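Fold and geometry: a report
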Amino acid sequence: MKFRYVATGLVVAVALAGCQRTSYSPYDNLPSQPAPLQAQPVPSVQSNQLPPPGGASQFPTAPQQETAALDPNASAAPATALDVTKEQMVGNWRVSYAGSSCDMFLTLTNLGSGSRGGTRGCAGELTAMGSWEVSGKMVQFKDRSGNVIGRVYKSAENRFDGTTNSGQPVSLSR
């Protein structure tokens, strides 16, 4: 019976000896700190005068919105126009434009100087609509660059009429 304990002990010892961890690291022979870097020559600093303010700029001038170039009657609402607020405009509108109809969606989410809006199934200028804003008694539709592409005014409850920049009549209704 003693032999059995000795044999079991010997097998366990051999098994444990085989499980010992030996490791080799390729970094064992490296010095503990890297060598310091050598300083590089630095060119001397030069000084010059800056150009005067308003001189030649690397940036182009911002586009100006030209409402005078459009139909002068289109930039002002008619005397019969009703008051309009942004909250009245939010939602889905049915648009009649260029002999066809499409959908317009207006939200209160800010986008540039206006609010986010868009169209579905429209043709012509209204396909580029990206935002809108209320200006007095007029609602202006803008493209994705912020340029006005059309204007409407409130002509009746849940109805707006106006024109696009090309002179096409446009009307919104619910």
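Residues numbered from 1 in each chain as written. Predicted model: local features only at pLDDT ≥ 70, side-chain atom pairs only at ≥ 80, totals over all residues. Heavy atoms only, no water.

1. Considering the environment of Arg174
Within the element layout of this structure, Arg174 appears in the segment after strand 8 (169–173). Taking the relative accessible area as the measure of exposure, Arg174 reaches 48% and is therefore partly exposed. The spatial distance from the C-alpha of Arg174 to the C-alpha of Glu157 is 9.3 Å, given a sequence separation of 17 residues. Excluding residues within four positions of it along the chain, Arg174 makes contact with Gln88, Met89, Val90, Gly91, Asn92, Trp93 and Asn158. Of note is the side chain of Arg174, whose polar atom sits 3.0 Å from the backbone oxygen of Gln88. (Helix = DSSP H or I, 4+ residues; strand = E, 2+ residues; numbered from the N terminus. Buried < 20%, exposed > 50% of the residue type's maximum accessible area, 1.4 Å probe, protein only. Contact = heavy atoms within 4.5 Å. Polar contact = N/O pair within 3.5 Å; in protein donor to acceptor, adjacent residues only side chain to side chain.)

2. A look at the sheet that holds strand 2 (residues 100–111)
The sheet built from 8 strands closes into a barrel, its strands ordered 1-2-3-4-5-6-7-8 with antiparallel pairing. Along the sheet, successive strands turn relative to each other by an average axial angle of 30°, direction set aside. Where strand 6 (residues 148–156) meets strand 7 (residues 159–164), 6 bridges bridge the pair, whose relative direction is antiparallel. Of the residues in strand 7, the one forming a bridge with Gly150 is Thr164. (Pairing = 2+ DSSP bridges. Axes fitted to C-alpha atoms, helices over the stretch in contact; angles between N-to-C directions.)

3. Here's the deal with the packing of aromatic side chains
In the structure shown here, the tally under the stated rule is 1 aromatic pair. Ring centres of Trp93 and Phe160 lie 5.3 Å apart, and the angle between their planes is 85°; on these two criteria the pair is classed as edge-to-face. Pair noted here: Trp93 is in strand 1 (residues 91–97) and Phe160 is in strand 7, with a separation of 67 residues, a long-range link. Assessed through its relative accessible area of 1%, Trp93 is described here as buried. (Phe/Tyr/Trp six-rings, centres within 6.5 Å; stacked < 30°, edge-to-face > 60°.)

4. What to know about the state of the cysteines
Here a disulfide denotes a covalent bond joining the sulfur atom of one cysteine to the sulfur atom of another. Across all of its chains, the model carries 1 disulfide by this definition. Residue pairing for Cys102: its cysteine sulfur links by disulfide to Cys122, the two sulfurs lying 1.8 Å apart. Across the S-S bond linking Cys102 and Cys122, the dihedral sits near 75°, which makes this disulfide right-handed. A residue pair is termed long-range when its members are at least 10 positions apart, and Cys102 in strand 2 and Cys122 in the loop between strand 3 (114–120) and strand 4 (129–135) qualify at 20 residues. By relative accessible area, Cys102 is classed as buried at 3%. For Cys122, a relative accessible area of 13% puts it in the buried group. (Disulfide = S-S within 2.5 Å.)

5. Description of the pairing of strand 4
Among the 7 residues that make up strand 4, 5 are buried, leaving the element largely enclosed by the rest of the structure. When strand 3 meets strand 4, the two strands line up antiparallel, connected through 2 bridges. The residue of strand 4 that forms the bridge with Ser115 is Trp132. Across 6 bridges, the pairing between strand 4 and strand 5 (residues 138–143) is antiparallel. Within strand 5, the position partnered with Val134 by the bridge is Val139. In textbook terms, the turn of a hairpin is the stretch between consecutive antiparallel strands, and for strand 4 and strand 5 this stretch comprises 2 residues, one of which, Gly136, has a positive phi near 70°.

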